[in-house]
Amino acid sequence: MRTTVPVVQGAAKALRFFDRIAPWYDRINVRIYQRQWLKRVRAEIHGLRILDVGVGTGFTTGHLTASVGIDLSREMLKRARYQGHLIRADVMHPPFRPGVFDTIIFAGSFYYLPSPEAGATITANLLRPGGRVIILSPATRLLALFVRVYGPEEYRQFMEGAGLRPVRYERLNWAACLVIAERPTS
Ligand SMILES: C[S@@+](CC[C@H](N)C(=O)[O-])C[C@H]1O[C@@H](n2cnc3c(N)ncnc32)[C@H](O)[C@@H]1O
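Caption draft 1: Quick peek at the site of the ligand. Near the ligand, the surroundings consist of 21 residues, among which Tyr25, Gly54, Asp71, Asp90 and Ala107 are the closest. Measuring from an oxygen atom of the ligand, one finds a side-chain N or O atom of tyrosine 25 at 2.8 Å. The separation between a nitrogen atom of the ligand and a polar main-chain atom of leucine 72 is 3.4 Å. For the ligand, whose unbound accessible area comes to 600 Å², protein coverage reaches 97%. Here the shell around the ligand gets 3 residues from one element, more than from any other, and that element is helix 1 (residues 10-32). Of the residues belonging to the shell around the ligand, the class tally is 12 nonpolar, 7 polar and 2 charged.

Structure follows, in structure tokens:
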């Protein structure tokens, strides 16, 4: 049972929040998003057709030429440095055909979704068989006043419930975790 109500959850609040902090986002993010996390996320990317959900200002996949970054926030997208394609969209209503992506990344965005179960199902549907999802999320309940914080068992349930095979849940440090799951090939 969830006992706290996170301040930022769901599309409307996330949009307001990120539109407001967009001018300072990069300066804040550089202090929070540790270089080794960035390296870890990038090292897990497979294939050429990459979707970066909640791409923000392009921190994680801005260097890739063929990736697609989507975000709710026009203000974040306006500031993005990106070589691939940027689309303003809500991942809960994705403007893509099923089964087209090799890798889908949620670097600091999965926990803003209104329903993690529905988010995992949408993700599974967008992945090709053998494709993978990479999620970078907070791991400490200390942050639960601000955002949703899920544990390893919850991630396992979200992924399996969506028909994805959990590959790994890894604590990166006291604050963050990396979750990887794959769409089975058969
Ligand atoms: C913490 S920022 C992460 C930005 C970037 N991935 C990074 O690592 O710097 C989270 C981003 O997710 C976006 N976001 C939240 N919910 C979303 C949704 N349902 N669909 C698309 N983007 C969403 C927000 O607008 C925000 O830009």
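Caption draft 2: Layout of the environment of valine 55. Among the secondary structure elements, valine 55 is positioned in the loop between strand 1 (50-53) and strand 2 (68-71). Sequence separation between valine 55 and methionine 76 is 21 residues; the distance between their C-alpha atoms is 8.4 Å. With sequence-adjacent residues up to four places away left out, valine 55 is seen in contact with Thr61, Gly69, Ile70, Asp71, Leu77, Tyr82 and Leu86.

Caption draft 3: Seen up close, the environment of alanine 89. Position of alanine 89 among the secondary structure elements: in the loop between strand 3 (85-88) and strand 4 (101-107). Each C-alpha atom of the pair alanine 89 and isoleucine 70 lies 5.7 Å from the other, and the pair is 19 residues apart in sequence. Other than its neighbours up to four places away in sequence, alanine 89 contacts Ile70, Asp71, Leu72 and Pro95.

Caption draft 4: Region of interest: the sheet that holds strand 7 (residues 176-182). Reading across the sheet, the 7 strands line up as 3-2-1-4-5-7-6 and stay open at both edges, with mixed pairing between neighbours. The sheet is open, and its two borders are formed by strand 3 and strand 6 (165-171), each paired with just one other strand. Taken pair by pair, the neighbouring strands of this sheet meet at an average axis angle of 15 degrees, ignoring direction. Relative to strand 3, strand 2 is paired through 4 bridges, and the arrangement is parallel. Residue pairing for strand 3: isoleucine 70 is matched across the bridge by isoleucine 87.

Caption draft 5: Here's a closer look at helix 4 (residues 116-126). Where helix 4 is concerned, the buried positions are Pro116, Gly119, Ala120, Ile122, Thr123, Ala124 and Leu126. Looking at the buried side of helix 4, the elements it contacts are strand 1, strand 4, strand 5 (127-138) and helix 5 (152-161).

Caption draft 6: Here's a closer look at helix 2 (residues 35-43). Three or more residues of helix 2 are buried, namely Trp37, Leu38 and Val41. All buried residues of helix 2 fall inside an arc of 100 degrees around its axis, so they share one side. Across helix 2 from its buried face, at more than 90 degrees, point the exposed residues Arg35, Lys39 and Ala43.

Caption draft 7: Expanded view of the packing of aromatic side chains. A complete count under the given rule lists 15 aromatic pairs for this structure. Between phenylalanine 17 and phenylalanine 18, the ring centres sit 5.0 Å apart and the planes meet at 85 degrees, which makes this aromatic pair edge-to-face. Judged by its relative accessible area of 32%, phenylalanine 17 falls in the partly exposed class. Between phenylalanine 110 and tyrosine 155, the ring centres sit 6.1 Å apart and the planes meet at 45 degrees, which makes this aromatic pair tilted. Residue phenylalanine 110 is found in the loop between strand 4 and helix 4, and its partner tyrosine 155 is found in helix 5; the two are separated by 45 residues along the sequence. One aromatic cluster is present, built from ring pairs that chain together Phe106, Phe110, Tyr150, Tyr155, Phe158 and Tyr169.

Conventions adopted
Residues numbered from 1 in each chain as written. Predicted model: local features only at pLDDT ≥ 70, side-chain atom pairs only at ≥ 80, totals over all residues. Heavy atoms only, no water. Near = heavy atom within 4 Å. Polar contact = N/O pair within 3.5 Å; in protein donor to acceptor, adjacent residues only side chain to side chain. Areas by Shrake-Rupley, 256 points an atom, 1.4 Å probe, with all protein chains shown as cover. Helix = DSSP H or I, 4+ residues; strand = E, 2+ residues; numbered from the N terminus. Nonpolar A, V, L, I, M, F, W, Y, C, P; charged D, E, K, R; others polar. Contact = heavy atoms within 4.5 Å. Pairing = 2+ DSSP bridges. Axes fitted to C-alpha atoms, helices over the stretch in contact; angles between N-to-C directions. Buried < 20%, exposed > 50% of the residue type's maximum accessible area, 1.4 Å probe, protein only. Arc of directions from axis to C-beta. Phe/Tyr/Trp six-rings, centres within 6.5 Å; stacked < 30°, edge-to-face > 60°.

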